[in-house]
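# A structural walkthrough
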Amino acid sequence: NLPEAEDVVFKTPKMVMKDAGCYGCCVAPKHQTPTIEISPKLHASSYFLMLTMAHEMVHLYQGYHGMKTSTPHGLAFKKLAQQVCTAHIFDPAAF
């Protein structure tokens, strides 16, 4: 489960995390208000926007449930990402 939408802060800054090539970012410390930032300039279509949102929501899920990760896109992330890609017919290589 994820937190309710009204409990998540969504932002669209000019640059995400001071990285001009970053599509999105999720900061989701356990027991704190999670924030998802999406770079509006790097999304040419709604498909890629939804793909990035889903990607960041996997990070949100991990943080919300206190899952410890050694790397941001390690095995736990990949397992969850595969489930999301299968459910929403996303290309796992783009995820």
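Structure shown above.
Residues numbered from 1 in each chain as written. Predicted model: local features only at pLDDT ≥ 70, side-chain atom pairs only at ≥ 80, totals over all residues. Heavy atoms only, no water.

## Concerning the nonpolar core
One finds Leu-51, Ala-54, Val-58, Phe-77, Leu-80, Ala-81, Cys-85, Phe-90 and Phe-95 forming the largest nonpolar core, which totals nine residues. Among the elements of the structure, helix H1 (46-64) and helix H2 (75-88) are those that each provide at least two residues to this core. Among the elements that make up this core, the one with the highest residue count is H2 (four residues). Leave out the neighbours within four places in its chain, and Phe-77 touches His-55, Val-58, His-59, Gln-62, Pro-72 and Phe-95. Listed in part, the seven residues of the second largest apolar core include Val-8, Ala-28, Ile-38 and Leu-60. (Core = buried A, V, L, I, M, F, W, Y, C linked by side-chain atoms within 4.5 Å. Buried < 20%, exposed > 50% of the residue type's maximum accessible area, 1.4 Å probe, protein only. Helix = DSSP H or I, 4+ residues; strand = E, 2+ residues; numbered from the N terminus. Contact = heavy atoms within 4.5 Å.)

## Let's talk about the environment of Gly-24
Here Gly-24 lies in strand E2 (residues 24-27). It is 20 Å that separates the C-alpha atoms of Gly-24 and Ser-70, two residues lying 46 residues apart in sequence.

## Points about the side chain of His-59
Of note, His-59 is situated in helix H1. Polar contacts involving the side chain of His-59 include one to the side chain of His-55, which spans 3.2 Å. Here His-59 is in contact with Cys-26, Ala-28, Pro-72, His-73 and Phe-77, once residues within four sequence places are set aside. (Polar contact = N/O pair within 3.5 Å; in protein donor to acceptor, adjacent residues only side chain to side chain.)

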